[in-house]
Amino acid sequence: PAERDTSEKDTAALRTGQDANFLHIFQANPPRIQTPVEKKEIDLMSSYNRLERIVGHLYTRSENASGNSSSLTVVDNRSGKKLEIPIKNGVIPSKDFWKLGLRTYDPGYKNTASCTSRITFINGGKGLLAYRGIPIEQLAEKSSFLETAFLLMYGKLPNQPQLKEWVQNVMKHTFLHENLKSMMRNFRYDAHPMGMVISTIGAMSTFHPEANPAIKGQSVYNDKKLRNEQIHRLIGGMMTSAAYAYCHRIGRPFSEVKVAGTDPLSYTQCFLKMMGKNPHPKLARALDVLFILHADHEQNCSASGMRHLTSSGVDVYTSVGGAASALYGPRHGGANEAVLKMLEQIGDKKNIPAFIQAVKEKKVRLMGFGHRVYKNYDPRARIVRKLADDVFLILGKEPLIEIAEELEKIALSDKFFVNRKLYPNVDFYSGLIYKAMGFPTDFFTVFFTIARTAGWLSHWNEFLDDPENVIVRPRQVYLGRSNVDYTPIASRN
């Protein structure tokens, strides 16, 4: 298909569909004079769309043995039955295999698409990441976390009045009910911050029965105004719950902060003030960028958990609490903490060669390298690396950074890691930034949770409006015993 000439009709067809969605922002606000920099940015933007167009074009133009386009022919060699399965958007509906009495088996969903989404695009082979079609590099450079959260939630960048109203709505919901504060004060002094935050978010559902489908009925979220109120409460309240957990963890009183203004950066500045930290504009901006980078990442473990729980009809607070619980796991959200522990164990640059050898012998694990999705340099890692330098200029250089830099240099030049496509990911340097800012390692995943709340709510919002949404119910391959009779306890060995 790649060698086939493309007619003018085909070319015109390719320019419809997703093209319009990806470029509507530029068409709505065309620049008066396009500078070389602007042209480069638009070209970069289009490259994401172009890749999807080409892949989709190859699929729709490929032909099977029977001559039918956009389908897959499957022959069951046991019975000789033939099945024609339609191909759409590069996937096939697995339910069609049941016509042959078969199910697909995919532990960990490594090659399974569980939904359609228009939120986040990832090309792991190319190292590309985009929110709603906008490259992550542009958002990290030009946007704010709250503006990016709006983009994820509603599919487009807000105009000035929309952004002002959005920031006001989020910030006025940063206050916690006094009963929630009282509950948090009753946690043990050494309770893990994630445990406190997860419990608090779950408890928030009891304060808003009007937004609980189990109480008000399954159609309660059809009310868009009520739905948006819960979004504002969770994005605003998550920050305050995290700050309160931090203060309780270190034994200092919680700092009440008067929220004023509509500056999008006020979110991270307010957060730092709540914890008694220096709200330096550059430090607030660094935290803001980290939140942007962590805001969403397609159908990861916690985002899939968010959709899974939402499919049951449970309230949004319980769903977010469940998603945060998934993030709490060290195989998901605890990776940056693991990187820091690894660097501390290495201790000195002179110990790196021995550590590398131990990794090759599978005696220890190399943390912060490699990713299930990316088979190239994680685009977020480059941004975080530069961000680390900016933070160190203000707070002083974190001693572990020299070990991290040397480890990265050696690993990227070693064929063992290069051949396995093990490149630094976003977790490799982010923990060093948090450490330089004076936060304990057990608080790192809480930062991740604050940022990812925007992504979880975006998936929740999208799922509620998806006509294909049904309760999630995977099947299993049963390998246990059958036809076993009950044995009375006196007769058991």
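It should be emphasised that the depicted structure is a prediction, and the values quoted were computed from it without experimental measurement. (Residues numbered from 1 in each chain as written. Predicted model: local features only at pLDDT ≥ 70, side-chain atom pairs only at ≥ 80, totals over all residues. Heavy atoms only, no water.)

A. Just the overall build of the protein chain, in detail. Along its length, the protein chain carries 21 helices and five strands. A total of 493 residues make up the protein chain; the buried ones form 46% of that total. Here the contacts in the protein chain between residues at least 6 apart in sequence split such that 70% fall between residues at least 24 apart. Here the protein chain has roughly 26,300 Å² of accessible surface; of this, 52% comes from carbon and sulfur atoms. (Helix = DSSP H or I, 4+ residues; strand = E, 2+ residues; numbered from the N terminus. Buried < 20%, exposed > 50% of the residue type's maximum accessible area, 1.4 Å probe, protein only. Contact = heavy atoms within 4.5 Å. Areas by Shrake-Rupley, 256 points an atom, 1.4 Å probe, with all protein chains shown as cover.)

B. Examining the pattern of salt bridges more closely. All chains considered together, the criterion is met by 14 salt bridges. We note a salt bridge from K181 to E178, for which the minimum N-O separation is 3.2 Å. A residue pair is termed a helical-turn pair when its members lie 3 or 4 positions apart in one helix, as K181 and E178 do in helix α7 (residues 178–185) at three residues. Judged by relative accessible area, which is 5%, K181 ranks as buried. R285 serves as the salt-bridge partner of D288, at 3.5 Å between the closest nitrogen and oxygen. (Salt bridge = Lys/Arg side-chain N within 4 Å of Asp/Glu carboxyl O.)

C. Expanded view of the sheet that holds strand β3 (residues 120–123). Ordered in space as β3-β4-β5, the three strands form an open sheet in which the pairing is antiparallel. What marks the edges here is a single partner per strand, and that holds for β3 and β5 (134–135). In the sheet, strand β4 (residues 128–131) pairs with β5 via two bridges, with the strands oriented antiparallel. Its bridge partner lying in β5, Y131 is registered against I134. (Pairing = 2+ DSSP bridges.)

D. Layout of a nonpolar patch on the surface. On the surface, Y105, V477 and L479 cluster together into a nonpolar patch covering about 420 Å² of accessible area. Examined against the element boundaries, Y105 turns out to sit in the loop between β2 (82–86) and β3. Looking at Y105, the relative accessible area reads 64%, which means it is exposed. (Patch = residues over 30% accessible without salt bridge, like charges linked within 9 Å, V, L, I, M, F, W, Y side chains within 5 Å.)

E. Focus on the packing of helix α5 (residues 145–154) against helix α10 (residues 224–250). At a closest axis distance of 13 Å, the pairing of α5 and α10 adopts a crossing angle of 145°. Pair α5 / α10 crosses with right-handed handedness. Residues L146, A149, M153 and Y154 of α5 lie in contact with α10, whose contacting residues are N228, I231 and I235. (Axes fitted to C-alpha atoms, helices over the stretch in contact; angles between N-to-C directions. Left-handed = near helix turned anticlockwise from the far one by under 90°.)

F. Region of the structure containing the environment of K350. Following the sequence through the fold, K350 ends up in the loop between α15 (335–346) and α16 (352–360). When the C-alpha positions of K350 and E406 are compared, they lie 9.7 Å apart, and in sequence the two are 56 residues distant.

G. Up close: the pairing of β2. Residues L83 and I85 line the buried face of β2, whereas the alternating positions K82, E84 and P86 sit on a face that is not buried. Relative to β2, strand β1 (residues 71–75) runs antiparallel, the two being bridged by five bridges. When the sheet's bridge partners are listed, V74 is paired in β2 with L83. As consecutive antiparallel partners, β1 and β2 are separated by six residues, and within that stretch G80 has a phi angle of approximately 85°, a positive value.

H. Here's a closer look at the packing of aromatic side chains. Enumeration according to the criterion identifies 19 aromatic pairs in this entry. Taking 4.9 Å as the distance between ring centres and 80° as the angle between the ring planes, the aromatic pair formed by F428 and Y429 counts as edge-to-face. No difference in accessibility class separates F428 from Y429, as the two residues are buried. Taken together, a centroid distance of 5.2 Å and an interplanar angle of 90° make the contact between F443 and F447 edge-to-face. Neither F443 nor F447 differs from the other in exposure class; each is buried. One aromatic cluster is present, formed by F145, Y246, Y267, F271, F291, Y434, F439, F443, F444 and F447 through successive ring pairs. Here the basic side chain of R385 rests over the ring of Y429, its NZ or CZ set 4.9 Å away from the ring centre. For R420, the ring lying beneath its charged end belongs to F416, and the centroid distance is 3.8 Å. (Phe/Tyr/Trp six-rings, centres within 6.5 Å; stacked < 30°, edge-to-face > 60°. Lys NZ or Arg CZ within 6 Å of the ring centre and 35° of its normal.)

I. Region of interest: the nonpolar core. Grouped together as the largest cluster of nonpolar side chains are 116 residues, with contacts concentrated most on W166, I235, Y267, F271, M342 and L407. The greatest single-element share of this core, amounting to 12 residues, is contributed by α10. When residues no more than four places from it in sequence are discounted, the contact partners of F271 are M239, A242, A243, L287, F291, F443, F447 and I450. With five residues, the next largest nonpolar core counts V74, I85, F97 and L100 among its residues. (Core = buried A, V, L, I, M, F, W, Y, C linked by side-chain atoms within 4.5 Å.)

J. Structural detail: α16. Inspection of α16 places I352, F355, I356, A358 and V359 among the buried residues, and these make up the whole buried set. In a view along the axis of α16, the buried residues occupy a sector of 160°, so they form one face of it. Those residues of α16 that are exposed and aimed more than 90 degrees away from the buried face are P353 and A354. Buried residues belonging to α16 abut α15, α18 (400–413) and α19 (415–419). Just downstream of α16 lies K362, where phi reads positive at about 60°. (Arc of directions from axis to C-beta.)

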